[in-house]
Amino acid sequence: MTQYKPEEIAADSKSVFGFFTYLMTDLVLFAALFATYAVLHSGVFGGPTSEEIFNAPFALLETVILLASSFSCGLSLLAARRGNSRGVLASLAITFVLGAVFVVLELSEFARLAASGVGPGVSAFLSSYFTLVGTHGLHIIIGLVWMTALGISIYARGLTRGNMRKLALLSLFWHFLDIIWIFIFTIVYLSGIIL
Amino acid sequence: MNPTPTNDYFADIGFWPKGTGVRHYIIGLILALVLTIIPFALLEIHLTSKHETFTHPFLMAVAVVCALLQFLVQVAFFLHLIGRGVSRERLAIFGGASLVVAILVGGSLWIMTDLSARMIAPPSDSQMELYMQDQGGF
């Protein structure tokens, strides 16, 4: 393993802090969307209620897939520490596939709802639902693009210091999105069916 | 952060605690799975028994407690906010952001539920309703 200079370590430590600060502002964005959803949840305006359109086993499947991708993202960091770039690429590929399956599932649910006339324009509840879940899905898609770019860079240049740092930042982003999804699973899907 | 770099780049930059291994991630994964399955399983039992097994407040409480526990599990095992040698600044800004989130979500719900409680529809025997029924509208 390469030994880095203390000033390089200090610079990368600051990058992690800076990126984490961005994630916290993103957290406030999601908090606003969650608050909007919670307030507008009962505003169905004669349209379907959350209990009628949500499917708990489907949401569980999405949750497990995202959790598995979070785990394989962690494995890529462990491989990077060993200096095993093929291991990093393999676990990033698994993370990418699981993330892509998640996006496909989410889009298929949106398509299913839209096909039965349940679009974001039907009621305040549905507007806030599509905004909250769609914003999360958009973040996942951005993460997939980033993962692809980083994978290409690691394949071309190996585990340079820059790539190691980006891998740490990407894993923060990915685990953060998994944490946001726990609350979507609980507040939108589970309590949408219970209440 | 660390004056003497080791073989663990991620520990050196204060990203995760020293000695983090696959065991760490496996524990996090198992705990997260269990905390996802518990509220889901209770909900499914409840739905198959035609809403008679549990009360709704009980199910909601279980779901919320499991979500908060899983949140702590993921923060500790995946985001590595807690542990020896981990950057303290991240935990500090996380605390600040959590306060903003609590005020934003709690405050919105408080104000909006209070507001809707004050906006109850007039009773059907109100003077206006009676007048409208009598006259066939205004």
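I will try to describe carefully the structure that is included in this document.

What counts as what
Residues numbered from 1 in each chain as written. Chains lettered and ligands numbered in written order. Predicted model: local features only at pLDDT ≥ 70, side-chain atom pairs only at ≥ 80, totals over all residues. Heavy atoms only, no water. Salt bridge = Lys/Arg side-chain N within 4 Å of Asp/Glu carboxyl O. Helix = DSSP H or I, 4+ residues; strand = E, 2+ residues; numbered from the N terminus. Buried < 20%, exposed > 50% of the residue type's maximum accessible area, 1.4 Å probe, protein only. Contact = heavy atoms within 4.5 Å. Buried area = accessible area lost by both parts, 1.4 Å probe. Polar contact = N/O pair within 3.5 Å; in protein donor to acceptor, adjacent residues only side chain to side chain. Nonpolar A, V, L, I, M, F, W, Y, C, P; charged D, E, K, R; others polar.

Some remarks on the pattern of salt bridges
All names here are of chain A.
- Here the structure, examined in full by the defined rule, presents five salt bridges over all chains.
- For arginine 112, the salt bridge goes to glutamate 109, with nearest N and O atoms at 3.5 Å. Here arginine 112 and its partner glutamate 109 are both found in helix α4 (residues 85-115), three residues apart, which amounts to about one turn of the helix.
- Owing to a relative accessible area of 42%, arginine 112 belongs among the partly exposed residues under this scheme.
- Judged by relative accessible area, glutamate 109 falls into the buried class, the value being 1%.

Describing the interface of chain A and chain B
- Taken together, the 54 residues of chain A in the interface contact 54 residues of chain B.
- Of the roughly 4,900 Å² buried between chain A and chain B on both sides combined, carbon and sulfur atoms contribute 83%.
- The largest share of the area that chain A buries against chain B comes from A:Phe71, A:Arg81 and A:Ile194, three residues that together contribute 14% of it.
- In this structure, the connection of chain A to chain B is made through one salt bridge.
- In this structure, B:Asp8 engages A:Arg81 in a salt bridge whose closest nitrogen and oxygen atoms are separated by 2.8 Å.
- Where chain A packs against chain B, one counts six residue pairs in polar contact (both at pLDDT 80 or more).
- When residues of the side of chain A that touches chain B are traced back to their parent elements, those giving at least two are α1 (6-40), α3 (56-81) and α6 (161-194) of chain A.
- It is α6(A) that provides the largest number of residues to the side of chain A that touches chain B, a total of 18 residues.
- Of the residues in the side of chain A that touches chain B, the class split is 38 nonpolar, 10 polar and six charged.

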